[in-house]
Amino acid sequence: METRLNKLTSRTQDGFVHHGNNGLENGLITSAVTPSSLVTVNTNFDVIIIGAGFTGLMAARELSRRNRKVLIIEARDRIGGRTFTSEFDNQKYEMGGTWVHWSQPHVWTEITRYGLSIVETQGVTADRLSLLLDNGSRLKITSMTNLLPQLCESMNNYSNIDGVQGRTVMPLPHEPFGANEVIQTYDKMSMQDRLDQISTIFNNNKDMYEIMDAYLSMNSQCKLSESGFIDHLRWWALGDYETCRLFDKTSRYKITEGISTLAKAMLNDCHNVQLLLSTPIISINRTNDNNVTICTQNGQLFTGRTTIITIPLNTLHNIEFFPPLKLEKQRVINEQQCRGGSKFAVKLEEPIGNWCGYAPYPNPITMAFTDDKEGTIIIGFGMEDLLDIRDFDAVKLALNKLLPDIKIKYIIGHDWRSDPYTGGTWGWYRPGQITSNLLTLQEHEPPLFFASSDTANGWRGFIDGALESGLTVVRHVEQYLNKESTINI
């Protein structure tokens with residue numbers, strides 16, 4: 001990719017800033033917006049990659065190093081997929097995927113490769129804690145120091161499905177079917193089912209039951225009754241079967257320079273790769289045994305020997321395949337997965353110091369915490385579509401239940417659930433979908449190959465999972481291309 005790594009920023013169509021009485025401003029400034037290549041339509045590529053998220057960027061970089069001629073087609077006007085860093089009011093805001101950790105192997109390798117650094121999110125270690133309980137009618141102010149031992153004990157009880165903290169169910173967290181027979185036993189269980197199983201331990205501590213509801217709902221961003229318990233155990237195993245380590249790995253550290261800096265570094269490390277932005281595709285045709293034809297929304301046709309499809313699971317149904325995909329894969333695609341909820345940031349008029357808050361379903365904000373030293377920025381998460389984050393008054397009302405006296409200067413965010421190119425936030429499977437759907441989604445139909453953070457084995461739903469999936473699919477594509485070259489000699 002013949003572009004230069006720089007700090008130039010442009011406005012993407014994604015995201016918004018709401019200034020209250022001064023109105024809503026659509027589109028955000030981000031370095032993830034980059035120029036498209038001048039692509040010759042009749043060029044025959046070795047690989048066409050659909051999607052310029054981290055899966056697509058990883059695949060493009062690695063294939064280009066193997067001297068493959070690669071085209072990336074991206075529907076958005078930027079790279080990064082479900083991640084991008086916005087620069088507003090002299091502050092970096094992560095609109096999508098944010099948190100990284102040195103035990104996430106693929107993303108840490110890339111952070112090291114490009115000389116990036118990490119910074120701590122301040123509020124996740126705050127001691128001052130607000131709990132909104134009794135269906136939103138009672139606000140309890142407490143100390144995380146007092147609450148943490150109870151939360152850890154409750155999480156241990158919740159995860160201890162087998163007497164050894166889930167180790168027999170998920171002994172190898174990067175191999176989801178490492179204990180396949182045991183997985184089959186628990187896959188149909190929802191997170192609510194498991195909470196109901198241990199509900200008697202909360203008979204004398206109703207508050208802790210509600211806190212557990214809020215904490216678990218935050219992870220899946222979906223009703224616990226619709227969230228698969230196996231996906232919780234996967235997170236738990238990746239977190240070394242321990243609450244504080246899980247918390248550190250999923251929500252404590254972020255890239256100082258911004259997620260988009262990593263995406264741009266990977267793009268600039270590509271060779272002989274062309275990038276076409278603002279180009280949604282409508283169909284993929286593989287009726288010709290020797291190539292795949294991609295048809296875009298504006299009627300352009302592009303051909304390649306292979307195609308890697310990296311778009312989110314919840315949007316795959318928007319593409320028409322000729323001939324149709326296998327019936328089982330089409331069923332899985334139509335079934336989709338949990339859509340997740342909302343993520344947003346607010347800038348306060350006055351600082352509040354380090355703070356964190358929880359509220360169980362059906363409160364519109366499940367978790368929120370400060371994200372800077374002074375406590376003027378709050379990152380909030382909501383379940384499903386209970387909160388319209390573009391509605392200034394609705395966000396203010398919901399946040400004021402946790403922090404009654406605050407005044408909001410502006411709200412900044414992106415509605416991933418309504419985004420036609422994502423259909424939700426991070427990946428989380430419903431009960432029964434791991435054993436019935438995951439392997440089917442990972443199965444390739446050469447010359448079509450499928451890869452996504454939604455179908456990764458390890459840190460599924462994280463940037464690390466996207467990189468894992470991109471790296472894995474390159475091996476399969478290379479094997480196919482090399483085999484085809486041998487046959488044609």
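Residues numbered from 1 in each chain as written. Predicted model: local features only at pLDDT ≥ 70, side-chain atom pairs only at ≥ 80, totals over all residues. Heavy atoms only, no water.

Looking at an unreviewed UniProt entry, one finds the protein chain named Amine oxidase, with Rotaria sordida as its source organism. Listed under Subcellular location (unreviewed entry) in UniProt, the entry text for the protein chain is "Mitochondrion outer membrane". (UniProt positions renumbered as here; feature names shortened; annotations may be inferred.)

Moving on, we come to the overall build of the protein chain. Along its length, the protein chain carries 13 helices and 22 strands. Its C-alpha atoms give the protein chain a radius of gyration of 22 Å, within 12% of the compact-globule value 23 Å for 489 residues. The buried share of the protein chain, reckoned over its 489 residues, is 60%. For the protein chain, restricting intrachain contacts to residue pairs at least 6 apart in sequence, the fraction spanning at least 24 positions comes to 72%. (Helix = DSSP H or I, 4+ residues; strand = E, 2+ residues; numbered from the N terminus. Rg over C-alpha atoms; globule rule 2.2 N^0.38 Å. Buried < 20%, exposed > 50% of the residue type's maximum accessible area, 1.4 Å probe, protein only. Contact = heavy atoms within 4.5 Å.)

Let's shift gears to the pattern of salt bridges. The final tally for this structure, using the stated rule, is 30 salt bridges. Of the charged contacts in the structure, one is a salt bridge between R61 and E62, with a shortest N-O distance of 2.9 Å. The exposure classification of R61 matches that of E62, with both residues buried. R66 is paired through a salt bridge with E62; the nearest N and O atoms lie 3.6 Å apart. (Salt bridge = Lys/Arg side-chain N within 4 Å of Asp/Glu carboxyl O.)

Under the counting rule described, the total for this entry stands at 4 cavities of 30 Å³ or more. Volume-wise, the largest cavity comes out at about 110 Å³. Taken together, 15 residues line the largest cavity, and the ones lying closest to its centre are Y93, E94, K343, D371 and I379. Of all the secondary structure elements, the ones that give two or more residues to the lining of the largest cavity are strand 6 (91–94), strand 17 (342–348) and strand 21 (408–413). Lining the second largest cavity are I309, I311, L313, L316, K329, I333, L441, F450, A451, S452, D454 and T455. Split by residue class, the lining of the second largest cavity holds 8 nonpolar, 2 polar and 2 charged. (1 Å grid on protein atoms, 1.4 Å probe; cavity = no way out; pocket = protein on both sides within 12 Å on 5 of 7 lines; lining within 4 Å. Points joined across faces, edges and corners; volume = space filled by probe spheres on them. Nonpolar A, V, L, I, M, F, W, Y, C, P; charged D, E, K, R; others polar.)

With that settled, the discussion passes to the sheet that holds strand 11 (residues 253–255). The 3 strands lie next to each other as 7-11-8, forming an open sheet whose pairing is antiparallel. Each edge of the open sheet carries a strand with a single partner, namely strand 7 (99–100) and strand 8 (118–120). Note that strand 7 and strand 11 share 2 bridges and pair antiparallel. Of the residues in strand 11, the one forming a bridge with W99 is K254. (Pairing = 2+ DSSP bridges.)

Counting through the fold element by element, N400 comes out in helix 11 (residues 392–402). The class of N400 is buried, set by a relative accessible area of 19%. A distance of 3.1 Å separates a polar atom in the side chain of N400 from the backbone oxygen of L403. (Polar contact = N/O pair within 3.5 Å; in protein donor to acceptor, adjacent residues only side chain to side chain.)

The next thing to look at is helix 9 (residues 259–268). With 9 of its 10 residues buried, helix 9 lies for the most part within the structure. Residues I259, S260, L262, A263, K264, A265, M266, L267 and N268 constitute the buried set of helix 9.

The feature "binding site: substrate" (unreviewed entry), as annotated in UniProt, sits at F381 in this numbering. Take F381: it is sitting in strand 20 (residues 377–382). Apart from residues lying up to four places away in sequence, F381 is in contact with W99, M218, Q221, S342, K343, F344, P364, I365, T366, M367, F369 and W426.

Quick look at the nonpolar core now. In this structure, F54, I72, I79, M212, I284, I308 and Y358 are the most contacted members of the largest nonpolar core, which totals 125 residues. A total of 8 residues in this core trace back to one element, the largest contributor, which is helix 13 (residues 463–488). Once you skip the residues sitting within four places of it in the chain, M212 turns out to touch L151, S154, M155, Y158, L195 and F202. Judged by nonpolar contacts, the second largest core, of 22 residues, contains I365, L387, A398 and I408. (Core = buried A, V, L, I, M, F, W, Y, C linked by side-chain atoms within 4.5 Å.)

Let's shift gears to the UniProt feature "domain: Amine oxidase" (unreviewed entry) in the protein chain. Here, UniProt's "domain: Amine oxidase" (unreviewed entry) annotation points to residues 54–477. A distance of 17 Å separates the end C-alpha atoms of residues 54–477, which is 33% helix and 21% strand.

Before going further, it helps to spend a moment on the packing of aromatic side chains. Across all of its chains, the model carries 18 aromatic pairs by this definition. Taking 5.5 Å as the distance between ring centres and 80° as the angle between the ring planes, the aromatic pair formed by Y158 and F229 counts as edge-to-face. One end of the pair, Y158, is in helix 3 (residues 144–159); the other, F229, is in helix 7 (residues 229–238), with 71 residues separating them in the sequence. Geometrically, the ring pair formed by F369 and F381 is tilted, given 6.2 Å between the ring centres and 35° between the ring planes. Taken together, the residues span a long stretch of sequence, with F369 in strand 19 (residues 367–370) and F381 in strand 20 at a distance of 12 residues. F381 carries the same exposure label as F369, and that label is buried. By the ring-pair criterion, three or more aromatic residues cluster together here, those being W99, F369, F381 and W426. Cation over ring: R167 sits above Y241, and NZ or CZ is 4.3 Å from the ring centre. Seen from the ring of F450, K329 lies directly overhead, with NZ or CZ sitting 4.3 Å from the centre. (Phe/Tyr/Trp six-rings, centres within 6.5 Å; stacked < 30°, edge-to-face > 60°. Lys NZ or Arg CZ within 6 Å of the ring centre and 35° of its normal.)

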